[in-house]
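One-letter residues, chain by chain:
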Amino acid sequence: MSTTSEGSVYQALRGHLATLRLAAAAEALPGVLEAARAENLGHTAMLERLLGIEVTATEARRRASLERFASLPAPWRLADFDFDAQPSVDRSLVNELGTLRFLEDATNLLFIGPPGVGKTMLAVALGRAAVEAGYRTYYTTAAELAARCHRAAIEGRWATTMRFYAGPRLLIIDEVGYLPLPAEAAAALFQVVSQRYLRGSIALTTNLGIASWGRIFDDPTVAAAMLDRLLHRSVVFNIDGDSYRMRAHRARAEQVRKGVMAPSSR
Ligand code: ADP
Ligand code: MG
C-alpha cells in the first residue's frame, strides 16, 4: 500500500470513529497503531485493544452518570459503619444485604430508630454499593418526595413523576415520619410504594415505630395498606441505643474536660 492510500484509509478510519461517536477510541488510535507496530500486534489484538479503550471509557461514563443520578447525600460505605458501636444492628445481616441479592426479589429495607443511630448511613452505604454494582439507585427524603409530587400535581406531571419513582432499582426514602405528611403527600407516598410493590426495592428510614405509623397519615387505612406492601417482603432493622453523634460529642466533651482538668491534677 502506498503511503497516500494508507493516509486516506487512516483518515477514513478516523471518520468512522467520529461518526460512531467512539471518541475514546479515536483519541487512542495513533497510540494503539504505534503500539501495534512496536509490539508486533496482530489485527485481532490491535482491534481488541482499541475497542477495549472505548468500552472502559463507556463504563466509566455510565458509572459517573449513575452516581450523579443517585444523589446520595454522603460518601458513606458499609466498611465505615462501626458495628461495635451499634450492637442492635446485625452485622452479618448487613453484610448479606451488601451482596445486593435483596434487589433481585425487590425486598424492602426498613430502618427504624431514634435520630443519630445510623439509619441514613446504612441506607446510603447500601445505595453506594448498589450504584457501584451498576444498579440505578435514587435517594430522596420523604419531604422532598412530597414537595416534588405536589409540584407535579400542580403542573400536570403526576404520571411522569410516578414513573420516575418507579424507575430506579433501589429507591431510598429517608426520614419518613419526621414531618407529618399532608393527605396529598401521604397519597403520593402510598402510590410510590404501591407501584414498586414486588417490582423494586425501597430502603426506608423512619423514627416512628411501626405501631405509630397511623400517625403519619390522616387515614389509618392508607397507613395499614402501605405497611402491608412495605413489609410483605422486607428486612426490618429496629435500631436503638445512643445517638452516634451524641456519642462523638460526649467523647469530645470528655476530652476537653480532661484537657482542662489535666494541669490541676498534675
Ligand atoms: P440517623 O439517620 O439514624 O439519624 P445517621 O445515619 O445520619 O443517623 O448518623 C448520624 C451520624 O453518625 C452520621 O455522621 C453517621 O456517619 C454517624 N454514625 C452513626 N452510626 C454510626 C456507626 N455505627 N458507625 C459510624 N458512624 C456512625
Ligand atoms: Mg437520618
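All figures in this text were calculated on a predicted structure; none of them were measured in a lab.

S.K.: Help me out: how do you make sense of the overall build of the protein chain in this one?
M.R.: Assigned secondary structure in the protein chain consists of 10 helices and five strands. Over its C-alpha trace the protein chain gives a radius of gyration of 26 Å, far above what one expects of a compact globule, namely 18 Å for 266 residues. Each principal axis of the C-alpha atoms in the protein chain carries an extent, and together these give about 80 × 70 × 35 Å. By residue count, 38% of the 266 residues in the protein chain fall in the buried class. Restricting the contact set of the protein chain to residue pairs at least 6 apart, pairs at least 24 apart contribute 77%. About 15000 Å² of surface is accessible on the protein chain, with carbon and sulfur atoms providing 57% of the total. With 31 positive and 27 negative side-chain charges, the protein chain shows a spacing of 3 Å between the two charge centroids.

S.K.: Explain empty space enclosed by the protein to me, please; I cannot follow it from the model alone.
M.R.: A water-sized probe, rolled over the atoms, reveals where empty space remains. One pass over the structure, following the stated rule, counts one cavity of 30 Å³ or more. As for the largest cavity, its lining consists of Ala 106, Asn 108, Arg 196, Tyr 197, Leu 198, Gly 200, Arg 229, His 232 and Arg 233. Class assignment of the residues belonging to the lining of the largest cavity gives a composition of three nonpolar, three polar and three charged.

S.K.: Explain the environment of Thr 107 here, please?
M.R.: Its location among the elements puts Thr 107 in the loop between helix H4 (91-98) and strand S1 (108-112). Measuring from C-alpha to C-alpha, the distance between Thr 107 and Arg 233 comes to 5.2 Å, with 126 residues separating the pair along the chain. Leaving out residues up to four positions away in the same chain, Thr 107 has contacts with Phe 102, Ser 201, Ile 202, Arg 233, Ser 234 and Val 235.

S.K.: Can you help me understand the nonpolar core in this one?
M.R.: In a soluble, globular protein the nonpolar side chains are often hidden away together inside. In this structure, Val 89, Leu 109, Phe 111, Leu 122 and Phe 237 are the most contacted members of the largest nonpolar core, which totals 31 residues. Looking at which element gives the most residues to this core, the answer is helix H5 (residues 119-132), with eight residues. Judged by nonpolar contacts, the second largest core, of 29 residues, contains Leu 145, Tyr 165, Ala 186 and Ile 216.

S.K.: When you look at the environment of Ala 25 in this model, what are you seeing that I'm missing?
M.R.: Assignment of secondary structure puts Ala 25 in helix H2 (residues 23-39). Judged by its relative accessible area of 0%, Ala 25 is buried. Sequence separation between Ala 25 and Leu 51 is 26 residues; the distance between their C-alpha atoms is 6.4 Å.

S.K.: Is there a simple way to explain the sheet that holds strand S2 (residues 137-141) in this structure?
M.R.: Within a beta sheet, neighbouring strands are joined by backbone hydrogen bonds and run either parallel or antiparallel to one another. Ordered in space as S2-S3-S4-S1-S5, the five strands form an open sheet in which the pairing is parallel. The sheet is open, and its two borders are formed by S2 and strand S5 (234-238), each paired with just one other strand. The sheet shows a mean angle of 10 degrees between the axes of neighbouring strands, direction not considered. Relative to strand S4 (residues 201-206), strand S3 (residues 170-176) runs parallel, the two sharing five bridges. Bridging across to S4, Leu 171 finds its partner in Ile 202. Along the sheet face, H4 touches S1 and S5 and points at about 140 degrees away from the line of S5.

S.K.: What is the right way to look at the domain arrangement of the protein chain in this model?
M.R.: Interface size, as often reported, equals the accessible area lost upon joining of the parts. What the domain assignment reports for the protein chain is domain 1 (3-67) and domain 2 (78-247). Computed from C-alpha atoms alone, the centre-to-centre distance between domain 1 and domain 2 is 44 Å. On the side of domain 2, six residues touch domain 1, which itself brings four residues to the contact. Approximately 470 Å² of surface area, both sides summed, lies buried where domain 1 meets domain 2, with 45% of it carried by carbon and sulfur atoms. Together, Arg 63, Leu 66 and Glu 67 form the three largest contributors to the area buried by domain 1 at its contact with domain 2, with a combined 88%. The tally of links from domain 1 across to domain 2 stands at one salt bridge. The closest approach of N and O atoms between Glu 67 and Arg 128, which form a salt bridge, is 2.9 Å. Taken together, domain 1 and domain 2 are joined by three residue pairs in polar contact (both at pLDDT 80 or more). For the side of domain 1 that touches domain 2, a count of residues per class yields one nonpolar, no polar and three charged.

S.K.: Would you take a moment to explain the packing of helix H3 (residues 43-70) against H5 for this structure?
M.R.: Pairs of packed helices are described in terms of their axes, by the angle between the two and the distance that separates them. Close contact between H3 and H5 brings their axes to 9 Å; oriented N to C, the two are set at 155 degrees. In this view, H3 runs roughly antiparallel relative to H5, as classed from their interaxial angle. Note that H3 runs across H5; the crossing there is right-handed. Counting all contacts with H3, which are made through Arg 63, Leu 66, Glu 67 and Ala 70, the residues of H5 involved are Arg 128, Val 131 and Glu 132. Classifying every residue of the contact of H3 with H5 gives three nonpolar, no polar and four charged.

Reading the values: rules and limits
- Residues numbered from 1 in each chain as written.
- Chains lettered and ligands numbered in written order.
- Predicted model: local features only at pLDDT ≥ 70, side-chain atom pairs only at ≥ 80, totals over all residues.
- Heavy atoms only, no water.
- Helix = DSSP H or I, 4+ residues; strand = E, 2+ residues; numbered from the N terminus.
- Rg over C-alpha atoms; globule rule 2.2 N^0.38 Å.
- Buried < 20%, exposed > 50% of the residue type's maximum accessible area, 1.4 Å probe, protein only.
- Contact = heavy atoms within 4.5 Å.
- Areas by Shrake-Rupley, 256 points an atom, 1.4 Å probe, with all protein chains shown as cover.
- Lys, Arg positive; Asp, Glu negative; His and termini not counted.
- Charge placed at Lys NZ, Arg CZ, Asp CG, Glu CD.
- 1 Å grid on protein atoms, 1.4 Å probe; cavity = no way out; pocket = protein on both sides within 12 Å on 5 of 7 lines; lining within 4 Å.
- Points joined across faces, edges and corners; volume = space filled by probe spheres on them.
- Nonpolar A, V, L, I, M, F, W, Y, C, P; charged D, E, K, R; others polar.
- Core = buried A, V, L, I, M, F, W, Y, C linked by side-chain atoms within 4.5 Å.
- Pairing = 2+ DSSP bridges.
- Axes fitted to C-alpha atoms, helices over the stretch in contact; angles between N-to-C directions.
- Domains from an automatic or database assignment.
- Buried area = accessible area lost by both parts, 1.4 Å probe.
- Salt bridge = Lys/Arg side-chain N within 4 Å of Asp/Glu carboxyl O.
- Polar contact = N/O pair within 3.5 Å; in protein donor to acceptor, adjacent residues only side chain to side chain.
- Parallel < 35°, antiparallel > 145°, perpendicular 65-115°, else oblique.
- Left-handed = near helix turned anticlockwise from the far one by under 90°.

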